[in-house]
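Take a look at the letters that make up each chain.
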Amino acid sequence: MRAILVKDGKGPVDNLYLGEAPQPTPGAGQVLVKVKAFGLNRMDIMQREGKYPLPPGAPEILGVEFSGHVVKAGEGVSEWKEGDEVLGLASGGAYAEYMVVPHRNVIRKPDNLSWIEAASIPEVFLTAFQALVVLAEVKKGDHVLVHAGASGVGIAVIQLARLYGATTVTATASTKEKLDMVLSLPHGATHAVNYKTQDFAEEVKKITNGKGVDVIIDVVGQSHWHKNIDSLAFDGRMTLLATLSGDEVSKFSLRPILYKRLRIQGSTLRARSEDYQAQLIARFKQEALHHITGSSGDGQIRTYIHKVYPWTEIQDAHREMEANSNSGKIVVEVV
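What comes next concerns the included structure. Quantities reported herein were computed from a predicted structural model and do not represent experimental measurements. (Residues numbered from 1 in each chain as written. Predicted model: local features only at pLDDT ≥ 70, side-chain atom pairs only at ≥ 80, totals over all residues. Heavy atoms only, no water.)

1. Brief notes about the packing of helix α3 (residues 122-135) against helix α4 (residues 152-163)
Then, in step 1: Interaxial distance between α3 and α4 falls to 8 Å at its minimum, and their mutual angle equals 50°. Taken together, the axes of α3 and α4 are oblique relative to one another. For α3 against α4, the interelement crossing comes out right-handed. For the pair α3 and α4, the contacting residues are Val124, Phe125, Thr127, Ala128, Phe129 and Leu132 in the first and Gly152, Val153, Ala156, Val157, Gln159, Leu160 and Ala161 in the second.
Then, in step 2: Broken down by class, the residue content of the contact of α3 with α4 amounts to ten nonpolar, three polar and no charged. (Axes fitted to C-alpha atoms, helices over the stretch in contact; angles between N-to-C directions. Helix = DSSP H or I, 4+ residues; strand = E, 2+ residues; numbered from the N terminus. Parallel < 35°, antiparallel > 145°, perpendicular 65-115°, else oblique. Left-handed = near helix turned anticlockwise from the far one by under 90°. Contact = heavy atoms within 4.5 Å. Nonpolar A, V, L, I, M, F, W, Y, C, P; charged D, E, K, R; others polar.)

What follows is the structure in structure tokens.
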């Protein structure tokens with residue numbers, strides 16, 4: 001089968017190429033999917049560079065989210081049959097014509113979503129849902145702060161927070177264009193802050209009349225740490241999904257964490273067990289999936305596509321993400 005491979009196993013974007021790889025065979029409890037489209041994620045870049053340790057048993061081929069149709073069901077799988085249209089989450093292998101996935105990790109593709117829109121959903125929305133709903137336990141009346149608000153995960157968190165009844169949702173970003181974008185969404189941010197020119201901790205205190213925010217979803221890490229702690233209200237919860245600015249904070253006081261009764265939790269999704277992912281997907285299907293439409297739809301949650309690339313232009317797609325110029329999801333089509 002054809003697949004996007006990495007010359008020498010790791011390296012810069014120029015090492016990506018369209019080549020040949022063995023077609024996988026579904027084992028017990030798995031399905032074989034013919035991929036129509038796959039979404040790009042920052043972990044793909046890290047894995048390509050050799051900086052992302054793969055979970056045990058994960059294929060070396062990049063890609064964790066996809067849309068496509070079932071080709072074959074493995075032993076013990078009865079709910080899926082050839083031709084079923086699906087989207088799903090995998091531990092890897094989506095940058096290929098065919099991939100195998102645990103049968104509980106695929107979701108029937110809603111008729112109102114295109115292949116491109118469907119491929120944009122699994123990783124970002126499940127990551128956002130896990131961080132905001134499952135771990136931070138967002139509830140009606142909460143004040144929420146979302147960093148990297150114009151990213152795929154950021155846009156998903158913003159809309160989920162609104163769906164679950166947040167009073168305010170403040171998004172941070174680095175450019176006016178991105179701030180305008182998150183404010184213009186039909187169920188978008190209520191407030192936006194340019195973290196390069198404004199102190200977001202001071203801004204959220206103004207927005208919340210001095211209370212602070214109940215929930216923070218952060219992918220930035222080191223550079224935002226002190227202001228994040230300052231931004232949190234009593235009994236505040238923060239989910240840390242990545243450390244894009246760095247891993248180490250040289251000096252900070254534990255006192256605010258203690259006296260404000262803060263709860264800070266790190267989270268990843270790819271390395272979680274099959275059972276955990278299956279339970280998360282089942283809850284997401286029940287509570288959120290039916291609210292999602294494409295950007296031109298009327299759903300309370302919408303998926304926004306920044307740009308679609310044919311997989312023959314995979315290097316350009318990775319460069320687009322590396323440049324941090326996207327507002328919304330970058331999706332690649334298998335052609």
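Next, the rest of the story.
2. Quick notes on the pairing of strand β6 (residues 98-102)
Then, in step 1: Buried residues dominate β6, accounting for four of its five residues.
Then, in step 2: As defined by bridge partners, strand β3 (residues 30-39) adjoins β6 across five bridges and the pair is classed as antiparallel. Across the sheet, the residue bridging to Leu32 is Val100, located in β6. (Buried < 20%, exposed > 50% of the residue type's maximum accessible area, 1.4 Å probe, protein only. Pairing = 2+ DSSP bridges.)

3. Some thoughts on the sheet that holds strand β10 (residues 191-194)
Then, in step 1: Spatial ordering of the open sheet is given by β10-β9-β8-β11-β12-β13, a layout of six strands whose pairing is parallel. Edge positions in the sheet fall to β10 and β13 (263-266), since each has one partner strand and no second. Strand-to-strand, the axes of this sheet are offset by a mean angle of 15°, without reference to chain direction.
Then, in step 2: On top of the sheet, helix α5 (residues 176-184) reaches β9 (168-173) and β10; it is set at about 170° to β10, its chief contact.

4. Remarks on the environment of Glu117
Then, in step 1: With respect to the helices and strands, the residue Glu117 is situated in helix α2 (residues 115-119).
Then, in step 2: What makes Glu117 buried here is its relative accessible area of 16%.
Then, in step 3: Along the chain, Glu117 and Gly57 lie 60 residues apart, while their C-alpha atoms are 28 Å from each other.
Then, in step 4: Setting aside anything within four residues of it in sequence, one finds Glu117 in contact with Asn112, Gly294, Ser295, Thr303 and Ile305.

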